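# Summary of structural features
As a plain string of letters, each chain reads:
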Amino acid sequence: MMQRYGRITGWGKYLPPKVLTNFDLEQIVDTTDEWIVSRTGIRQRRMVEDGETNSGMSVKSAQAALAKAQLDPNQLDLIIVATSSPDYFVPPVSSMVQHALGAKGVGAFTLVAGCTGFVYALATAQQFIAAGQADNVLVIGTEILTRNLNWRDRNTCVLFGDASAAVVVQASTEPTGVLSQVLGSDGSGAEALIVRGGGTTIPMSQRVVDEGLHHLEMDGPEVFKFATRTLSRAVRKAVSASGLSLDEINMIIPHQANMRIIELAATLLRLPVDRFYVNLDRYGNTSAASIPLALCEALDEGAVRDGDNLVLVGFGAGLTWAASVVRIGVVESVPTLTAPRMVPLSQFRGAAKRVAGRVLETAVPFVLPLYSRVLRIRKRKPLS
Ligand code: COA
């Protein structure tokens, strides 16, 4: 079989309108704009208001990505939602998104890999496409982190924000899209970023609420060390697996956690820091949404252009990390594959019913008189 690539043909984002600046945070917790900017680079972040949901934000970013790709939701073969903050534990938020998009019967699942979730999800989409199991995949990274933060803990609450971003990945024979992927995990660091309560180890209870165990806890310096160690290594591995050299990489789109982590990675990779796309000053750390959000903005601003080679690189809870080399394809000139797609059974049944209904509607006026004539003939000439 000809090599199949997963080309990014659509991208879209949704940001809750409410902006929370560092100065707003000064009113809530013992911090200063000066501290946050100098230690992280973050100036403001978005925050959901009452009534906004993870699925609702996902649908909005997905619709923007599908519109860009000029793809109907029913043409999708698979939907992957990367998130650690779903609407509910059960049902999976991916099915809620699939239904709300009107992608009837399309397979959907939620992928949890902390802030690395989107890069894992993109790698998964690429594998489905490479194996010939899917032609059109929607990959979403969405988080509502502000609802689980402890607004009295200045170590965490100044870092995170809410956002959603999505890409459409379509099969192509041109070497575009995901060219290589490196996935990693080290569960020995599980406690460095953790929500202790509300799972099955410590189910939701009065104790969880009283002790604030439903909040995100973080060992900042530990995560910082891990991130700086991992980021440059993962980039080098992904670039080498793609057959390219670091010089051929036009832009690195890192997880947007902290400007100092990005600066250190640039030093370790001996790259100028402007080779890294940064928008964390405006949005803070939006976990699984941060890389697709940065990718969307880089594409929309023209910071990344057709033919460019990018590295998407993430790190986060787990601890996890992942990096992919992605080549941006010329949307108009690269053909997408038109292999026969898997049709969900429900769609097939629906279509079959509609066709049968039409046939009956048209045929009944002709068939009925014919049938009654046959009956009359039969009555006259009974079979012996
Ligand atoms: N405002 C003011 N002071 C703060 C503060 C805040 N928002 N948060 C922490 N401090 C204080 C600490 O209490 C500490 O005070 P102390 O020395 O009196 O105890 C001091 O600042 C230094 O704390 P420290 O944790 O050493 O700061 P740091 O330079 O390591 O920066 C982080 C802290 C959280 C910014 C940094 O560790 C970090 O970015 N880690 C990675 C976090 C991350 O990326 N997580 C998500 C990964 S997906």
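So, how was this worked out
Per-chain numbering applies: the sequence of each chain, read as written, is numbered from 1 onward. Reporting of local features is limited, given that this is a predicted model, to residues whose pLDDT is at least 70; pairs of side-chain atoms are given and counted only at 80 or more, and all residues count toward the totals for whole chains, interfaces and linings. Calculated side-chain values reflect all of the structure's heavy atoms, with hydrogen atoms and water omitted. We define proximity as follows: a residue is near a molecule or strand when any one of its heavy atoms falls within 4 Å of that partner. Counting of polar contacts relies on pairs of N or O atoms within 3.5 Å, with two restrictions inside protein: one atom must be capable of donating a hydrogen and the other of accepting it, and residues adjacent in sequence are counted only when both atoms are side-chain atoms. The method behind every accessible area is Shrake-Rupley, applied with a 1.4 Å probe, and residues are considered shielded solely by the protein chains displayed. Strands are runs of DSSP state E lasting at least two residues, helices are runs of H or I lasting at least four, and both sets are numbered from the N terminus onward. Take the number of residues in a helix, subtract one, and multiply by 1.5 Å to get its expected span. Using a 1.4 Å probe on the protein chains alone, a residue whose accessible area is under 20% of its type maximum counts as buried, one over 50% counts as exposed, and one in between counts as partly exposed. Values of pLDDT, ranging from 0 to 100, describe the predictor's confidence in every residue of the model. Contacts are assigned to residue pairs that have any heavy atoms within 4.5 Å of one another. For this analysis, a salt bridge means a side-chain nitrogen from Lys or Arg found within 4 Å of a carboxyl oxygen belonging to Asp or Glu. Take the buried residues of types Ala, Val, Leu, Ile, Met, Phe, Trp, Tyr and Cys, join any two whose side-chain atoms come within 4.5 Å, and each joined set is a nonpolar core.

## A closer look at the site of the ligand
Taken together, the neighbourhood of the ligand is formed by 23 residues, with Thr31, Arg39, Arg154, Gly220 and Asn258 sitting nearest. For the ligand, a nitrogen atom lies 3.4 Å from a polar atom in the side chain of Trp35. One of the backbone N or O atoms of Gly220 is found 3.0 Å from a nitrogen atom in the ligand. Taken by itself the ligand offers 950 Å² of open surface, and the protein chains cover 73% of this. Elements that contribute at least two residues to the shell around the ligand include exactly helix 2 (33-40), helix 7 (220-242), helix 8 (259-269) and strand 12 (309-316). Here the shell around the ligand takes four residues from helix 7, the largest share from any one element.

## So, helix 5 (residues 117-130)
Here helix 5 is 14 residues long and its end C-alpha atoms lie 20 Å apart, about the 20 Å a rise of 1.5 Å per residue gives. Here helix 5 has its buried residues at Gly117, Phe118, Val119, Tyr120, Ala121, Leu122, Ala123, Ala125, Gln126 and Ile129. Remark: Gly132 follows helix 5 within two positions and exhibits a positive phi of approximately 80°.

## What about the confidence of the model for the protein chain?
Interpretation of the predicted coordinates at a detailed level should be avoided for regions scoring low in pLDDT. The share of residues in the protein chain with pLDDT of 70 or more is 85%, and the mean pLDDT across the chain is 89. Below pLDDT 50 for its whole length, residues 339-384 participates in 19 contacts with residues either more than four positions away or in separate chains.

## Notes on the pattern of salt bridges
As enumerated under the stated definition, the model contains nine salt bridges in all. We note a salt bridge from Glu297 to Lys13, for which the minimum N-O separation is 2.8 Å. One end of the pair, Glu297, is in helix 10 (residues 290-301); the other, Lys13, is in strand 1 (residues 5-14), with 284 residues separating them in the sequence. Of the residues examined, Glu297 reaches a relative accessible area of 3% and is grouped as buried. For Lys13, a relative accessible area of 34% puts it in the partly exposed group. Ionic pairing is found between Asp30 and Arg154, a salt bridge with its closest N-O pair at 3.5 Å. With Asp30 in the loop between helix 1 (22-26) and helix 2 and Arg154 in the loop between strand 6 (136-143) and strand 7 (163-172), this pair connects stretches of sequence that are 124 residues apart. By relative accessible area, which is 59% here, Asp30 ends up exposed. Here Arg154 falls in the partly exposed class, since its relative accessible area comes to 46%. Connected through shared salt-bridge partners, Lys13, Arg282 and Glu297 make up one network.

## A short note on the side chain of Ser232
Secondary-structure assignment places Ser232 in helix 7. Among residues more than four places away in sequence, those in contact with Ser232 are Ala265, Leu268 and Leu269.

## What to know about the nonpolar core
In this structure, Leu231, Val235, Ile249, Ile252, Phe276, Val311 and Val313 are the most contacted members of the largest nonpolar core, which totals 45 residues. Within the residue set of this core, elements represented by two or more residues are helix 7, helix 8, strand 12 and strand 13 (320-327). Contacts of Ile252, omitting those with residues within four sequence positions, involve Val235, Leu269, Leu271, Arg275, Phe276, Tyr277, Val311 and Val313. Among the nonpolar cores identified, the runner-up in size contains 43 residues, and Ile80, Val119, Ile253 and Ala322 belong to it.

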